[in-house]
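One letter stands for each residue in the lines below.
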Amino acid sequence: MDYSQFFVMKQEIALLIVFLLVFLCDTFMPKRSQGAIGWISIIAFAIITLLGFCPCLLGGAETAFSGMYGAGSAEIAIKNVLNIGALIVMIQALRWAQQDMVRVRRGEFYELLLVTLFGMYLMISARHFLLFVIGLETASLPLAAMVAFDKHRYESHEAAVKYVLTAVFSSAIFLLGISFVYGLTGSLYFDYIAVGIAAGGINSLLIIALAFVIAGIGFKLSLVPFHLWTADVYQGAPTPVTSYLSVISKGAAAFAFLVVLWKAFGTVYSCAWEWMLYALIILTITVGNLFAMRQRNMKRFLAFSSISQAGYIMLGVISFNTLGLTALMYYVLVYIFSNLAAFGVIGAIENATGKVHMDDYKGLYKTNPRLAFTMMLAMFSLAGIPPFAGFFSKFFIFTGAINQGSVAIYVLVLIALINTIISLYYYLLVVKAMFISQDDCTVAKFRSACSERFALWVCVAGIIGVGIVSCVYNYLYQMA
């Protein structure tokens, strides 16, 4: 075996080094110094995040392990986007990790987060379904432990059980679909599968196999009807874990879905995939919007919002061109800043008061105007109101989709646009509660932690700046 192949996995190796550093510090540091684990994790991870933008990583597409692993500029850009989101989550979690019930296990939180991110890296770079499944399980199983991290809350246990059971069944369905694909093509390599399907043509078993593959990945993306776990898990999990699930896990699944679609099944997309995905996108956006209107718990509210956002993300997946890939990366980057800003405000209020109900936010601007302003920007960006970054992300994702030029895609984009108007209603409900409601605010004035304020400032800068500074989009386009 040629061990030099491991040097192709530069970002994965860097992430493992950070994991080992955090693990060793957590294991051998004196108890009085354990409080520094969070900062050690953040600083080390920030270094490898910055190194990810180093030009020395760029080059031609490289493969390793007989073509099972592939890395190119697009994969590097995708991992950099995920790193930015994971870094913000780690900063936001600092105060939560200092709580009495979490303090003794705070090192485990950062270790589990890094392990799940490693699994997502493998999913993105996989060119063989065996490596893809390894990455999928590496990302899914530690997430169940993170959901159950607050072991003294019944809701956390319930959320973890629901997540594990759903993950097990979705993985089984996914593997069944892969077994059908292997039986039809005789290979698990994406390239060979594409050749085998093109040679063998379309048949009913292939349609079933594709449906199973979509169902398996649809669980990670919370696509309707594979979304039923989302609201309960988001509500029961600790808020930092919920924010991680809502953006990083969803973004990685979208990129992995795109790789599988393009590399393995691209040759039969118009024959077998197109209408299935169109139906899923319409259902996901519409159902997510309709159920979000009914929610009063802020975490459940953002859960159904994230389901709807997954439908918009899928428009980038089905674009099937470079512009679509760029729009997908850009959309996920903007979604990271917008959603983490909302969860940052929710986490700050929950850490200080324990309140997560929308009615508790009535009149919030009177007691905590900065938090109310940040939440307003996040809601405006998620709704796609100009001039915030969310408007530009939706514009690019729609532009990438309609580039196909078919009548069906125009109808799909029109339905998505109509749903954007619907989403504006429920996002403005939060703004109305904070700024227009005349009720006395139940959230007393408080000062959030320095780490929470810093993370929120970064998110606000992203919401405002990413849509204005054109070099961000240009960078992603060049990488794509």
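Further up the page is the structure itself.
Cut-offs and rules
Residues numbered from 1 in each chain as written. Predicted model: local features only at pLDDT ≥ 70, side-chain atom pairs only at ≥ 80, totals over all residues. Heavy atoms only, no water. Helix = DSSP H or I, 4+ residues; strand = E, 2+ residues; numbered from the N terminus. Expected span 1.5 Å × (residues − 1). Buried < 20%, exposed > 50% of the residue type's maximum accessible area, 1.4 Å probe, protein only. Contact = heavy atoms within 4.5 Å. Phe/Tyr/Trp six-rings, centres within 6.5 Å; stacked < 30°, edge-to-face > 60°. Lys NZ or Arg CZ within 6 Å of the ring centre and 35° of its normal. Axes fitted to C-alpha atoms, helices over the stretch in contact; angles between N-to-C directions. Parallel < 35°, antiparallel > 145°, perpendicular 65-115°, else oblique. Left-handed = near helix turned anticlockwise from the far one by under 90°. Nonpolar A, V, L, I, M, F, W, Y, C, P; charged D, E, K, R; others polar. Core = buried A, V, L, I, M, F, W, Y, C linked by side-chain atoms within 4.5 Å. Salt bridge = Lys/Arg side-chain N within 4 Å of Asp/Glu carboxyl O.

## Some words on helix 19 (residues 450-465)
Step number 1: Here helix 19 is 16 residues long and its end C-alpha atoms lie 22 Å apart, about the 22 Å a rise of 1.5 Å per residue gives.
Step number 2: Here helix 19 has its buried residues at Ser451, Glu452, Ala455, Leu456, Cys459, Val460, Gly462, Ile463 and Gly465.
Step number 3: Its buried side turned inward, helix 19 meets helix 3 (73-97), helix 14 (322-353), helix 16 (369-383) and helix 17 (389-402).

## Some remarks on the packing of aromatic side chains
Step number 1: Tallied over the entire structure, the rule returns 27 aromatic pairs.
Step number 2: Measuring from centroid to centroid gives 4.8 Å for Phe129 and Phe190, while their planes differ by 65 degrees, and the two rings are edge-to-face. One end of the pair, Phe129, is in helix 6 (residues 129-147); the other, Phe190, is in helix 8 (residues 190-200), with 61 residues separating them in the sequence. With respect to class, Phe129 is no different from Phe190; both count as buried.
Step number 3: Ring geometry for Tyr426 against Tyr427: centres 4.7 Å apart, planes inclined by 45 degrees, an arrangement best described as tilted. The residues Tyr426 and Tyr427 share a single accessibility class, namely buried.
Step number 4: Every member of this aromatic cluster is reached through a ring pair, and the members are Phe129, Phe132, Phe174, Phe190 and Phe265.
Step number 5: If you follow Lys79 out to its NZ or CZ, it ends over the ring of Tyr121, 5.4 Å from the centre.
Step number 6: The side chain of Lys394 reaches across the aromatic face of Tyr312, ending 4.8 Å from its centre.

## Describing the packing of helix 2 (residues 37-51) against helix 3
Step number 1: Running from N to C, helix 2 and helix 3 point in directions that differ by 165 degrees, and their axes come no closer than 10 Å. One finds that helix 2 runs roughly antiparallel with respect to helix 3. Both helix 2 and helix 3 take part in a crossing whose hand is left-handed. Facing helix 2, whose interface residues are Gly38, Trp39, Ser41, Ile42, Phe45, Ala46 and Thr49, helix 3 presents Asn80, Asn83, Ile84, Ala86, Leu87, Met90, Ile91 and Leu94.
Step number 2: The residue inventory of the contact of helix 2 with helix 3, partitioned by class, reads 10 nonpolar, 5 polar and no charged.

## So, the environment of Ala461
Step number 1: Tracing the sequence through the fold places Ala461 in helix 19.
Step number 2: Residue classification places Ala461 among the partly exposed residues on the basis of a relative accessible area of 47%.

## Observations regarding the nonpolar core
Step number 1: By size, the foremost hydrophobic cluster in this structure holds 179 residues, and its most contacted members are Leu117, Phe132, Tyr244, Phe265, Leu315, Met375 and Met379.
Step number 2: Ranked by residues supplied to this core, first place goes to helix 14 with 19 residues.
Step number 3: Those residues in contact with Leu117, other than ones at most four positions away along the chain, are Leu15, Phe45, Leu82, Asn83, Ala86, Tyr244 and Ile248.

## Observations concerning the pattern of salt bridges
Step number 1: Under the definition given, this model contains 8 salt bridges.
Step number 2: With its nearest N and O atoms 2.6 Å apart, the salt bridge here joins Glu12 to Lys79. Here Glu12, found in helix 1 (residues 10-28), pairs with Lys79, found in helix 3; they are 67 residues apart in sequence, far enough to count as distant. Across the pair, Lys79 and Glu12 agree in class, each one buried.
Step number 3: Across the pair Glu158 and Lys162 runs a salt bridge, and its minimum N-O distance is 2.9 Å. Residue Glu158 and its partner Lys162 are both found in helix 7 (residues 154-185); the two are separated by 4 residues, about one turn of the helix.
Step number 4: By relative accessible area, Glu158 is classed as partly exposed at 30%.
Step number 5: The exposure class of Lys162 is partly exposed, given its relative accessible area of 28%.

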